[in-house]
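These are the residues of each chain, in order.
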Amino acid sequence: MTAHIRPDLATIPAYVPGRNHPDAVKLASNETTFGPLPSAAKAIAESAEQANRYPDNQVTELRAALADFLGVTVANVAVGCGSVALCQELVQITCDAPTDEVVFAWRSFEAYPIVTQVGNATAVPVPLADGHLHDLDAMAAAVTARTKLVFVCNPNNPTGTAHGRAELERFLDQVPAHVLVVLDEAYYEYLRLTPQTRPDGVEIGRDRPNVVVLRTFSKAYGLAGLRVGYAVGDPEVITALLKVHIPFSVNRVAQAAAIASLEARGELLDRTDVLVAQRAQVRDALLAAGYAVPPSEANFVWLPLGANSMAFAEAGAAAGVLVRPFAGDGVRVTIGDPHENEQFLAFATAPENAARFR
Ligand SMILES: *Cc1c(COP(=O)(O)O)cnc(C)c1O
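Residues numbered from 1 in each chain as written. Predicted model: local features only at pLDDT ≥ 70, side-chain atom pairs only at ≥ 80, totals over all residues. Heavy atoms only, no water.

Draft legend 1. How the structure looks around empty space enclosed by the protein. A complete count under the given rule lists two cavities of 30 Å³ or more for this structure. In this structure, the largest cavity spans a volume of roughly 60 Å³. As for the largest cavity, its lining consists of Thr 32, Phe 34, Gly 35, Pro 36, Leu 37, Ala 40, Tyr 221, Gly 222, Leu 223, Ser 261, Leu 268 and Arg 271. Along the lines of polarity and charge, the residues of the lining of the largest cavity split into seven nonpolar, four polar and one charged. Considered as a void within the structure, the second largest cavity measures approximately 30 Å³ in volume. Every residue lining the second largest cavity is listed: Asn 57, Gln 58, Val 59, Arg 63, Val 79, Leu 242 and His 245. (1 Å grid on protein atoms, 1.4 Å probe; cavity = no way out; pocket = protein on both sides within 12 Å on 5 of 7 lines; lining within 4 Å. Points joined across faces, edges and corners; volume = space filled by probe spheres on them. Nonpolar A, V, L, I, M, F, W, Y, C, P; charged D, E, K, R; others polar.)

Okay, here's the thing in structure tokens:
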């Protein structure tokens, strides 16, 4: 190796692909178990026939469909190669000096510290409060003159916890208007708070130009493999996002599949009801076995196993169930289909395992 590489990248761990056993139940990545709906599969096949042509770099048709669905204008919507790309682009449009700060809760989505460092800015992680929730008061207090961006992951990945609308609005009231706040709602479709308390970033952001909302087709819409997410916000923020967007990074097949899936959303969103019922069953069984599991508003549950987290995940893999450990903190387990969840519970609630890990 002779070429010069930014030395600070040495502190970012090189990507280690997740363990993958062909026969194992995969509950490690918060994916949907089902394949695409027939209408989406058809759109995928048809658009693949035009793979020789560049996609629409403006993502015109999908942005129009999203604007219509959300009750906003096309100028309020940007589409990214997964919402994780939009996370990185949001750092790029707000931070231009190493002293610029990005505030986020920790533990939260693993991409936040990475995109902050890649964007040459300074991460300000704020520990979660009791109950594994964002400590919104501490986050507001962490905002300084150097803060350019705040990520709020609601529901939070990996703990599944969510704040209601009033708490989020109280937080936003404390953040200066020149600081951009990202409400990352990757798991929005799995929220089951009451209509009064339910946080909806698009509604919350309507009269707050410093709020941008991220949602994705990767989770409830089941298109994780195609990479489509979107941002909803003030037209000035959206225009800036389009400037740093990697050209043509939202591919033709992804755009077509997202449009078809948005049209078929009734069926996709019905599936979330089944998942939410399973989520309650899995949590109840874990609680009965003596695990502490916070209530989840997402498509996974969190087991705060501390020092036992890695050993739990290893034992799970040996039992044919892949889950996602976070060393020293806990384990995130995606809710799969009923037989997958049963296989996980058979492992986790077996008396010898519960006694060893909880
Ligand atoms: C899964 C996830 C995303 C979405 O990722 P994509 O890039 O859209 O697949 C974004 N934020 C959080 C918190 C997530 O868990």
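Continuing now.
Draft legend 2. Structural view of the UniProt feature "modified residue: N6-(pyridoxal phosphate)lysine" (unreviewed entry) in the protein chain. Feature annotation in UniProt places "modified residue: N6-(pyridoxal phosphate)lysine" (unreviewed entry) on Lys 219, given in this structure's numbering. Relative to the elements of secondary structure, Lys 219 occurs in the loop between strand S7 (211-216) and strand S8 (229-232). Not counting residues up to four positions away in its chain, the partners in contact with Lys 219 are Asn 30, Thr 32, Ala 186, Tyr 187 and Tyr 190. (UniProt positions renumbered as here; feature names shortened; annotations may be inferred. Helix = DSSP H or I, 4+ residues; strand = E, 2+ residues; numbered from the N terminus. Contact = heavy atoms within 4.5 Å.)

Draft legend 3. Geometry of the side chain of Arg 332. Looking at the element boundaries, Arg 332 is found in strand S12 (residues 330-334). Buried Arg 332, no salt bridge; nearest opposite-charge side chain is Glu 110, N-O distance 5.2 Å. Polar contacts involving the side chain of Arg 332 include one to the side chain of Asn 30, which spans 3.4 Å. Arg 332 has contacts with Leu 27, Ala 28, Ser 29, Asn 30, Asn 157, Pro 158, Phe 300, Val 301, Trp 302, Val 323, Arg 324 and Phe 326, leaving out every residue within four places of it along the chain. (Buried < 20%, exposed > 50% of the residue type's maximum accessible area, 1.4 Å probe, protein only. Lys, Arg positive; Asp, Glu negative; His and termini not counted. Salt bridge = Lys/Arg side-chain N within 4 Å of Asp/Glu carboxyl O. Polar contact = N/O pair within 3.5 Å; in protein donor to acceptor, adjacent residues only side chain to side chain.)

Draft legend 4. Structural view of the packing of aromatic side chains. Across all of its chains, the model carries 14 aromatic pairs by this definition. Ring plane angle 10° and centroid distance 4.3 Å describe the contact between Tyr 112 and Phe 151, whose orientation is recorded as stacked. Within this pair, whereas Tyr 112 is found in helix H4 (residues 111-118), its partner Phe 151 is found in strand S5 (residues 147-153), the two being separated by 39 residues in sequence. What makes Tyr 112 buried here is its relative accessible area of 0%. In this structure, Arg 215 is placed above the aromatic ring of Tyr 188, and the distance from its NZ or CZ to the ring centre is 3.7 Å. Across the ring face of Phe 300, the terminal group of Arg 332 is positioned such that the distance to the ring centre comes to 5.9 Å. (Phe/Tyr/Trp six-rings, centres within 6.5 Å; stacked < 30°, edge-to-face > 60°. Lys NZ or Arg CZ within 6 Å of the ring centre and 35° of its normal.)

Draft legend 5. Local environment of H4. Among the residues making up H4, those that are buried are Ala 111, Tyr 112, Val 115 and Thr 116. Along the axis of H4, the buried residues cluster in a sector spanning 130°; they form a single face. Buried residues in H4 make contact with helix H3 (83-94), strand S3 (101-106), strand S4 (122-127), S5 and strand S6 (180-184). One or two positions beyond H4, positive phi appears at Asn 120, with a value near 65°. (Arc of directions from axis to C-beta.)

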